[in-house]
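# Fold and geometry: a report
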Amino acid sequence: MKAFLRDRKVRDIFWQVLASVALVAVVVFFVKNASDNMVKAGIASGFNFLWRDSGIEVPFNLTGYKPSDTIWALLWTGIVNTLLVSVASVFLATVVGFTVGLMRLSRNWLLSTLAAVYIEFVRNIPLLFFVLFWYFGVLAALPTPKESFDFLGLIFLNRRGLSIPTPNDVSGFHLALLAVLVLVVVQIVLARWARARQARTGQDFPVWVVGFVLCGALPLMLFVWAGALTSWDLPILRGFNYRGGFVLVPEFVALFMALSTYTAGFIAEVVRGGIQSVRQGQLDAARALGLTPGRVVRLVVIPQAMPVIIPPITSQYLNLIKNSSFGAAIAYPEIVAVFMGSALVATGQAIEIIAITLGIYLTIGIAVSIFMNWYNARHKLVTR
């Protein structure tokens, strides 16, 4: 018996079971305590409140939500707004971060210094400052609707947002989008063929030039053609504001710019570290083969740096998604503002609403992690 108790595996299992039981007991205690308090306060538990009429106004939504809709529709609107600002910010932050990271390694003193100043400034300032700066310091300084910045008489920028025309019929754009998807598939197939051809014969193919035509010039021409054949709902100044078209509210722009510029500083450092992890001998060998500096970066440096860059950049993407909750500070209708704020006040279902919100953030985060891990595994270097 003593020998059995002294077995390391037995002890490890015992302490793990004990810790698990203690954790479950703590969770059960808090759930029971919260349930008893809700009964005493006369608050019914459960998720039936999701099907009540919300009665909550959401000024910016892409789902067609109305105050007469259910709280479930309100939740979906908050999720869509959260994903919208997160995806847009991830894209811009990645582009700016990679650019600043490359500038940081430039031999040009001015470019390197500007990049270093930007990175250090961003990394040592709270994100809330960026949100408030863009909202109150930049967008609030824009003119009133009557004095809007006018772009070709079609687009109007003022402190209430960016008013843009919207098409009355989108069927032409659907066809253009389908054609663009076909062109992207053609470009992917062409790139794989060119890579195989280069490995087999050593002959290069202008993939980037063809890609610019297939995925840049032709899609632009298709959308211009679709727009020319479509009637538009134009913004018109009526009273104290513009009516018609679509208004991109300043809260979205402020949160989008804050998340993008803030996260880009951290991504820039990740990119710099990844590039510096590539051995100098690899660069010397690439230059000895006669590759241009641009091709050295594209064909040698970036492929070897990506396995180092992707794991920490995934953390920055996850932080950006979670930081979108700062939109509540400027009344941007993301999930925390409309669901954990307005819906919680209206229903009093604090535990259910907090649990649902945490579950949504957890689901989004796990999905992003799975995708980035798949991407990292797909592009990892194969060595002998």
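The structure under discussion appears in the preceding block.
Quick summary incoming for the structure in this document. Keep in mind that what you see is a predicted model, and the values were worked out from it rather than measured.

Our focus in this paragraph is a positive patch on the surface. On the surface, a cluster of positive charge is contributed by Arg-159, Arg-160, Arg-238 and Arg-243. Position of Arg-159 among the secondary structure elements: in the loop between strand E2 (155-158) and strand E3 (161-164). For Arg-159, a relative accessible area of 42% corresponds to the partly exposed category.

This model, assessed by the stated rule, comprises 13 aromatic pairs. Seen from their ring centres, Trp-51 and Trp-72 are 6.0 Å apart, and the 35° between their planes marks the pair as tilted. You can see Trp-51 sitting in the loop between helix H2 (8-40) and helix H3 (71-104) and its partner Trp-72 sitting in helix H3, a full 21 residues away along the chain. Under the relative-accessibility criterion, Trp-72 is labelled partly exposed at 44%. Centroid distance Tyr-262 to Phe-266: 5.1 Å. Interplanar angle 55°. Geometry classified as tilted.

Residue alternation in E2 divides its side chains into a buried set, Phe-156 and Asn-158, and an unburied set, Ile-155 and Leu-157. Pairing of strand E1 (residues 149-151) with E2 involves three bridges; the strand directions are antiparallel. Considered in E2, the bridge of Phe-149 is made with Leu-157. What sits between the antiparallel neighbours E1 and E2 is a turn of three residues, in which Leu-152 has the positive phi angle 60°. Two elements, E2 and E3, share three bridges in a ladder whose sense is antiparallel. Across the sheet, Asn-158 pairs through a bridge with Gly-161, a residue of E3. What sits between E2 and E3 in their antiparallel hairpin is a turn of two residues.

The subject of this paragraph is the pattern of salt bridges. This model, assessed by the stated rule, comprises four salt bridges. The shortest N-O distance in the salt bridge between Arg-123 and Glu-120 comes to 3.6 Å. Here the residue Arg-123 and the residue Glu-120 both occupy positions in helix H4 (residues 109-123), the gap between them amounting to three residues, near one helical turn. Overall, Glu-120 belongs to the partly exposed group, its relative accessible area being 41%.

Among the surface-exposed residues, Leu-177, Leu-178, Leu-181, Val-182, Val-186 and Phe-223 lie close enough to one another that they form a single nonpolar patch of about 520 Å² accessible area. Tallying contributions element by element places helix H6 (residues 171-201) first for the nonpolar patch, with five residues. With respect to the helices and strands, Val-182 occurs in helix H6.

What follows deals with unusual backbone geometry. Positive phi, close to 65°, is recorded for Ala-331, a residue that is not glycine. As for its position among the elements, Ala-331 is in the loop between helix H10 (293-323) and helix H11 (335-347).

Attention now moves to the sheet that holds E1. One open sheet holds the four strands; their spatial order is E1-E2-E3-E8, and the pairing between them is antiparallel. What marks the edges here is a single partner per strand, and that holds for E1 and strand E8 (246-248). Each strand of the sheet is rotated relative to its neighbour by a mean of 20°, with strand direction disregarded.

Membership of the largest hydrophobic core comes to 63 residues, with the highest contact counts inside it found for Ile-313, Ile-335 and Phe-339. Apart from the residues within four sequence positions on either side, Phe-339 is in contact with Phe-49, Leu-50, Ile-71, Leu-75, Leu-344, Ile-353, Ile-356 and Thr-357.

To continue, consider the side chain of Ser-260. By the element assignment, Ser-260 lies in helix H8 (residues 250-276). Owing to a relative accessible area of 2%, Ser-260 belongs among the buried residues under this scheme. Sequence-distant contacts of Ser-260, defined by excluding residues within four places in its chain, comprise Ser-89, Leu-92 and Ala-93.

Take the pairing of E3 next. As paired elements, E3 and E8 share three bridges and run antiparallel to each other. By the bridge assignment for E8, Leu-162 is matched with Leu-248.

Okay, the packing of helix H9 (residues 280-288) against H10 next. The geometry of H9 relative to H10 is characterised by a closest axis approach of 10 Å and an angle of 160° between their N-to-C directions. The angle between H9 and H10 falls in the class roughly antiparallel. Crossing handedness for the pair H9 and H10: right-handed. The residues of H10 that touch H9, namely those facing Gln-282, Leu-283 and Ala-286, are Val-296, Val-300, Val-301 and Gln-304. Of the residues that constitute the contact of H9 with H10, the class distribution is five nonpolar, two polar and no charged.

Another aspect to go through is the packing of H3 against H10. Where H3 contacts H10, the axes come no closer than 11 Å and their chain directions differ by 140°. In terms of their interaxial angle, H3 and H10 are classed as oblique. The two elements H3 and H10 meet at a crossing, and its hand is right-handed. Each of Ser-86, Ser-89, Val-90, Ala-93, Thr-94 and Phe-98 in H3 lies in contact with H10, whose residues at this interface are Met-306, Ile-309, Ile-313, Tyr-317, Leu-320 and Ile-321. Within the contact of H3 with H10, the residues separate by chemical class into nine nonpolar, three polar and no charged.

What follows covers the side chain of Glu-269. In this fold, Glu-269 is placed in helix H8. In this structure Glu-269 comes out as buried when scored by relative accessible area, which is 18%. Residue contacts for Glu-269: discarding those within four places in its chain leaves Ile-119 and Arg-123.

Criteria and cut-off values
- Residues numbered from 1 in each chain as written.
- Predicted model: local features only at pLDDT ≥ 70, side-chain atom pairs only at ≥ 80, totals over all residues.
- Heavy atoms only, no water.
- Patch = residues over 30% accessible without salt bridge, like charges linked within 9 Å, V, L, I, M, F, W, Y side chains within 5 Å.
- Areas by Shrake-Rupley, 256 points an atom, 1.4 Å probe, with all protein chains shown as cover.
- Salt bridge = Lys/Arg side-chain N within 4 Å of Asp/Glu carboxyl O.
- Lys, Arg positive; Asp, Glu negative; His and termini not counted.
- Charge placed at Lys NZ, Arg CZ, Asp CG, Glu CD.
- Helix = DSSP H or I, 4+ residues; strand = E, 2+ residues; numbered from the N terminus.
- Buried < 20%, exposed > 50% of the residue type's maximum accessible area, 1.4 Å probe, protein only.
- Phe/Tyr/Trp six-rings, centres within 6.5 Å; stacked < 30°, edge-to-face > 60°.
- Pairing = 2+ DSSP bridges.
- Axes fitted to C-alpha atoms, helices over the stretch in contact; angles between N-to-C directions.
- Core = buried A, V, L, I, M, F, W, Y, C linked by side-chain atoms within 4.5 Å.
- Contact = heavy atoms within 4.5 Å.
- Parallel < 35°, antiparallel > 145°, perpendicular 65-115°, else oblique.
- Left-handed = near helix turned anticlockwise from the far one by under 90°.
- Nonpolar A, V, L, I, M, F, W, Y, C, P; charged D, E, K, R; others polar.

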